[in-house]
Amino acid sequence: MNKTESLKKKLLGTPYFIWSVIFILVPLGMVFYYGLTDRSGVFTLANVLAISTPEHSKALWIALFLSVIATVICLLLAYPLAMILSRQKNGRQSFIVLIFILPMWMNFLLRTLAWQTLLEKTGVINSILEFLHLPALNIINTPYAIILGMVYNFLPFMVLPIYNALSKIDINVINAARDLGANGLQVFLKITLPLSIPGIISGITMVFIPALTTFVISKLLGGSKILLIGNVIEEEFTQASNWHLGSGLSIVLMLFIIINMLLTAAFDKDGEGSFL
Amino acid sequence: MKKVLIDLKNISKSFDGQMVLDDLNLYIRENEFLTLLGPSGCGKTTTLRILGGFESPDKGSVIFDGKDITKLPPNKRQLNTVFQRYALFTHMTIAENIAFGLKIKKKSKAYIDDKIKYALKLVNLDGFENRMPDSLSGGQQQRIAIARAIVNEPEVLLLDEPLGALDLKLRQDMQYELIRLKNELGITFIYVTHDQEEALTMSDTIVVMNQGYIQQIGSPEKIYNEPENAFVADFIGDSNIINATMIEDKLVEIFGTRFPCVDTGFGKNKPVDVVIRPEDVILSSPAAGRLKGVVTHLIFKGVHYEMEVTACGYEWLVHSTGMYPVGTEVGIDVDPFNIQIMNKPASEDEEAVGTNE
């Protein structure tokens, strides 16, 4: 490559570079600055270590616990769905994919608020159940409602990468396995599942990270009774105005996300499963 | 004659209302190299897929070694397939690929290791055990696909255009490789291709197909020298296909001139198609030939000259080692045994001349 060409490429990259600096690097730097200093601007690890206090670590564990459960449920729901989807004829495939993406066009907050209305003690679902003389469903303001909200909101992010990975598998590879004597279960365990792992991994990342960091779902569907780490951090910023503690806890959360990303990178070397 | 191993009886298959195979009957003998040859859409791949168990016929039955296997799933059939684009398991090493079928059958580790060694040696890829499929060239991948199939000791190997994705030189090498393999293994090969040269080189028997019908079954020599209809003549090699009239047994009239031939049994004064291969056209001085013509094109092809000669309003394709410059008046003659007489297609269904690839 000659010099002018490389210069041109650099020039084209400038807007993205400026964007990254302003919206990624600067905020990140600020988080680290606030997280590692106290109000007088002196370096301290206290904000990060504050995660070990009972109320903070409890919030972290609940968040981890609920998001793991939500991720597992998403995976169990999404895999068969993606399989069915990948086996449809082309025209119908894109239609079903559209149906899945459609709710994602609506605001995330609105969708979650809708669930609040549906699940309320005197909400839509309970009215119908009452009408049918069935026992009422009392899951609003419980961890179940939070998991439901997570699964509902993040399911498409699990379905799409898995679907993407599955539809890349050559039908003749499946046929070859059957030809060599494998039955349906063996084909699935030895061929389909291993070949779709990049999709699974990237689906897990795309569900687990937003689930772990959410504070909206827990706020709207969990009432104020269940605090996730996301809620704690949010409150430090909005109510307690303690940016230092909020940033310190954010750094801890970031650690978990980085661990997750590293695991993903290790499994998904070719970037095959990435959808977005 | 060797015994019949596979018998396809009255096989019909259509996709979305489109008839792909119509009442196909075909038997395959043990230890035979049989090629299904035809243009795309002729039904050759569908026939192979029905044999492999990946499609089930709408009508008819597949008899394997005396047993009806029409409804048997692929994993229960004693035949293995080599797919067009190799279809290797990309997440496994070469050794794991080859071992796949044997592990399913729960063979011992020692047996499997032996077989992997043997198969890799057979396809000239010793020492490739721990490589990944992606790191191999197309030709190597195809040989692994063959190795993966033959370690299972199938009685029949189905090959679906296995050389289609390879370049010319590699394809020719692989053709000899396949003949050698077939002789070493002593099993039946059923080979699908649209490449007539490939079919002529490797096969014991060629089945020429078009539009879901079998056009002709025979040895390569028979298919080439005595095509039964215009489609076969046109599809296999270059040929001059000419409207003619059979005057009587052993006498045919081509462009108003009578030629002695060797065919009998076509009746008297009956319209027929005549096939004359370009290398069988004899050029001479205008006075010496039965027909007179003028050379209109001349190309040097290495082994021979390719000429086009216009005579009686027809462009004759001629291959000859003798050269006649463009514009030369020449005489045309054909030896009686080089004139192949064919019946005109009797019905629409039999009308065989389709679009070539």
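### Structural notes on the overall build of chain B
For chain B, the helix and strand inventory stands at 8 helices and 20 strands. Dimensions of chain B along its principal axes, counting C-alpha atoms only, are 80 × 45 × 40 Å. Counting all 357 residues of chain B, 41% fall into the buried class. Pairs at least 24 apart in sequence give 66% of the contacts found in chain B among residues at least 6 apart.

### Digging into the overall build of chain A
A tally of helices and strands in chain A yields 12 helices and 0 strands. Each helix and strand of chain A, placed in order from N terminus to C terminus, yields the pattern α-α-α-α-α-α-α-α-α-α-α-α. Projected onto the principal axes, the alpha-carbon positions of chain A cover approximately 75 × 70 × 30 Å. Burial status across chain A gives 33% buried among its 276 residues. When contacts within chain A are restricted to residue pairs at least 6 apart in sequence, those whose partners lie at least 24 apart make up 74%.

### Focus: unusual backbone geometry
Most peptide bonds take the trans configuration, and most residues that are not glycine carry a negative phi. Residue and element names in this part refer to chain B. In the Ramachandran plot, Phe 255 falls in the positive-phi region, its phi being about 50° despite a non-glycine side chain. Here Phe 255 is to be found in the loop between strand 12 (251–254) and strand 13 (257–260). A positive phi angle, close to 50°, is found at Asn 269, a residue other than glycine. In this structure, Asn 269 sits in the loop between strand 13 and strand 14 (270–276).

### Thoughts on the sheet that holds strand 4 (residues 59–64) of chain B
Residue and element names in this part refer to chain B. Read across the sheet, 4 strands follow the order 2-1-4-5 without closing on themselves; strand pairing throughout is antiparallel. The sheet terminates laterally at strand 2 (18–29) and strand 5 (67–68), the two strands that pair on one side only. Of the pairings in the sheet, the one linking strand 1 (residues 4–15) to strand 2 comprises 8 bridges and is antiparallel in character. Bridge pairing in strand 2 places Lys 13 opposite Leu 21.

### A look at the nonpolar core
Core analysis: the biggest nonpolar cluster contains 104 residues, and Ala 145, Ala 147, Leu 157, Leu 158, Ile 190 and Val 252 of chain B have the highest contact counts within it. Counting residues per element, this core draws most heavily on helix 4 (residues 138–150) of chain B, at 6 residues. Three or more residues apiece are contributed to this core by two domains, here domain 1 (4–225) and domain 2 (241–343) of chain B. Listed in part, the 49 residues of the second largest apolar core include Ala 70, Ala 82, Val 151 and Leu 227 of chain A.

### Focus on the pairing of strand 7 (residues 156–160) of chain B
Residues and elements named next belong to chain B. Most of strand 7 is tucked away: 5 of the 5 residues are buried. The side-chain alternation of strand 7 yields two buried faces, one formed by Val 156, Leu 158 and Asp 160 and the other by Leu 157 and Leu 159. For strand 6 (residues 79–82) and strand 7, the ladder comprises 4 bridges, and the chain directions are parallel. Counted as the bridge partner of Asn 80 is Leu 157 from strand 7. Across 5 bridges, the pairing between strand 7 and strand 8 (residues 188–193) is parallel. In the sheet register, Leu 159 faces strand 8, and the bridge partner there is Tyr 191. Between the parallel pair strand 7 and strand 8, the chain is carried across by helix 5 (residues 168–185), and the sense of this crossover is right-handed.

### Quick notes on the sheet that holds strand 20 (residues 340–343) of chain B
All names here are of chain B. The antiparallel open sheet is built from 5 strands, whose spatial order is 13-12-11-14-20. Among the strands making up the open sheet, the edge pair consists of strand 13 and strand 20. Averaged over all neighbouring strand pairs, the angle between strand axes comes to 45°, with direction disregarded. As defined by bridge partners, strand 11 (residues 240–248) adjoins strand 14 across 7 bridges and the pair is classed as antiparallel. What sits directly across from Ile 241, in strand 14, is Val 275.

### What about the interface of chain B and chain A?
With 16 residues of chain B at the contact, the number on the chain A side is 15 residues. Elements represented by at least two residues in the side of chain B that touches chain A include exactly strand 6 and helix 2 (94–104) of chain B. The residue inventory of the side of chain B that touches chain A, partitioned by class, reads 7 nonpolar, 7 polar and 2 charged.

### Digging into the packing of helix 1 (residues 3–35) of chain A against helix 12 (residues 243–267) of chain A
All names here are of chain A. Contact pair helix 1 / helix 12: the axes reach a minimum separation of 7 Å and the direction vectors enclose 110°. Viewed along their axes, helix 1 and helix 12 adopt a mutual orientation that is roughly perpendicular. Every pair of crossing elements has a handedness; the one defined by helix 1 and helix 12 is left-handed. Residues Val 31, Phe 32, Tyr 34 and Gly 35 of helix 1 lie in contact with helix 12, whose contacting residues are Trp 243, His 244, Ser 247, Gly 248, Ser 250 and Ile 251. Residue composition of the contact of helix 1 with helix 12, by class: 5 nonpolar, 5 polar and no charged.

### What about the domain arrangement of chain B?
Much of the literature gives interface size as the accessible area that the parts lose upon coming together. Domain parsing of chain B yields domain 1 (4–225) and domain 2 (241–343). Between the C-alpha centres of domain 1 of chain B and domain 2 of chain B there is a distance of 40 Å.

### Some remarks on the pairing of strand 12 of chain B
All names here are of chain B. Here strand 12 shows a clear split, with Val 252 and Ile 254 buried on one side and none of Leu 251 and Glu 253 buried on the other. Judged from the 3 bridges that link them, strand 11 and strand 12 form a sheet pairing that is antiparallel. For Glu 248, the partnering residue across the bridge sits in strand 12 and is Leu 251. With antiparallel pairing between neighbouring strands as the criterion, strand 11 and strand 12 make up a hairpin whose turn holds 2 residues, including Lys 250 at a positive phi of roughly 65°. With antiparallel pairing between neighbouring strands as the criterion, strand 12 and strand 13 make up a hairpin whose turn holds 2 residues, including Phe 255 at a positive phi of roughly 50°.

### A look at the packing of helix 3 (residues 54–86) of chain A against helix 7 (residues 143–167) of chain A
All names here are of chain A. Viewed as axis vectors pointing N to C, helix 3 and helix 7 meet at an angle of 40°, and their least axial separation amounts to 6 Å. Taken together, the axis directions place helix 3 and helix 7 in an arrangement best described as oblique. Considering the relative orientation of helix 3 and helix 7, their crossing is right-handed. Of the residues contributing to the contact of helix 3 with helix 7, the split by class is 25 nonpolar, 3 polar and no charged.

### Regarding the confidence of the model for chain B
Residues and elements named next belong to chain B. Per-residue confidence for chain B gives a mean pLDDT of 90, with 96% of residues at or over 70. Highest mean pLDDT in chain B belongs to helix 2 (96); lowest belongs to helix 5 (87). Across residues 348–357 the pLDDT falls below 50, and counting only partners more than four positions away or on other chains, this stretch makes 21 contacts in the model. Model confidence for the complex is summarised by a pTM of 0.78, with the ipTM given as 0.79.

### Quick notes on the environment of Gln 93 of chain A
All names here are of chain A. Here Gln 93 lies in helix 4 (residues 90–101). Classification of Gln 93 by C-beta neighbours within 10 Å gives partly exposed; the count is 15. Ignoring sequence-local partners within four residues, the contact set of Gln 93 consists of Leu 85 and Gln 88.

### Thoughts on the environment of Pro 220 of chain B
Along the chain, Pro 220 of chain B turns up in helix 7 (residues 220–225). Setting aside anything within four residues of it in sequence, one finds Pro 220 of chain B in contact with Leu 200, Ser 203 and Ile 206 of chain B.

Cut-offs applied
- Residues numbered from 1 in each chain as written.
- Chains lettered and ligands numbered in written order.
- Predicted model: local features only at pLDDT ≥ 70, side-chain atom pairs only at ≥ 80, totals over all residues.
- Helix = DSSP H or I, 4+ residues; strand = E, 2+ residues; numbered from the N terminus.
- Buried ≥ 20, exposed ≤ 12 C-beta atoms within 10 Å, placed from the backbone.
- Contact = placed C-beta atoms within 7 Å.
- Pairing = 2+ DSSP bridges.
- Core = buried A, V, L, I, M, F, W, Y, C linked by C-beta atoms within 7 Å.
- Domains from an automatic or database assignment.
- Right-handed = clockwise from strand over helix to strand, strands pointing away.
- Axes fitted to C-alpha atoms, helices over the stretch in contact; angles between N-to-C directions.
- Nonpolar A, V, L, I, M, F, W, Y, C, P; charged D, E, K, R; others polar.
- Parallel < 35°, antiparallel > 145°, perpendicular 65-115°, else oblique.
- Left-handed = near helix turned anticlockwise from the far one by under 90°.
- pLDDT = per-residue confidence, 0-100.

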